Amino acid sequence: MTEGKVAGYVAKYATKGTEAATGTLDHRLKRITDLWFESVPEHAARMIRTAWALGARDDLKHLNLRKWAHMLGFRGHFSTKTRTYSTTLGALRAARAAWHRRHTPPPSPTTLVLAHWAYDGTGLTSDLARLAVLIGGGPAREQEVTAGA
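What you see is a predicted model; the values in this text were computed from it and never measured.

1. Remarks on the environment of A45
Move 1: Relative to the helices and strands, A45 is located in helix α2 (residues 42–55).
Move 2: Contact partners of A45, with chain neighbours within four places excluded, come to L35 and V40.

Structure, rendered in structure tokens:
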């Protein structure tokens, strides 16, 4: 396990925030117990707790992991851009969509019909009409009341 692989793994979940909730928070945690009161997916919560725990190690103090645990250990915003190199999140989404279009097989040009529709009638079936009489409603019951009056 290299530092690059770990960074790539965490970046994968951080960048999912460009399309859906990542589980990262928009504010810092003062205490790890504050995480209980946040709506964070369990996987992201485990990464936040791990960053918090690693932040307590003397050999990792310089990384300020507790300060940035809410962002999975990354300092600042994951999509901060420089003047030298920049792209938009929309361009990244468009590139991702183009890749999926190139790698998804085209739909079949034919349509297979597996059903046949036919008119069956109007109103209640005889069984449902008898059931309506038994439960005290329906046309048959109304006719009985009218005929008896």
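2. What to know about the pattern of salt bridges
Side-chain pairing between opposite charges can occur once the charged atoms of the two side chains come close.
Move 1: Within the structure shown, the criterion is met by 4 salt bridges.
Move 2: Linking R31 and D34 is a salt bridge whose minimum nitrogen-to-oxygen distance equals 3.2 Å.
Move 3: Note that R49 and E42 form a salt bridge whose closest N and O atoms lie 2.7 Å from each other.
Move 4: Judged by relative accessible area, which is 36%, R49 ranks as partly exposed.
Move 5: The class for E42 is partly exposed, based on a relative accessible area of 45%.

What counts and what doesn't
- Residues numbered from 1 in each chain as written.
- Predicted model: local features only at pLDDT ≥ 70, side-chain atom pairs only at ≥ 80, totals over all residues.
- Heavy atoms only, no water.
- Helix = DSSP H or I, 4+ residues; strand = E, 2+ residues; numbered from the N terminus.
- Contact = heavy atoms within 4.5 Å.
- Salt bridge = Lys/Arg side-chain N within 4 Å of Asp/Glu carboxyl O.
- Buried < 20%, exposed > 50% of the residue type's maximum accessible area, 1.4 Å probe, protein only.

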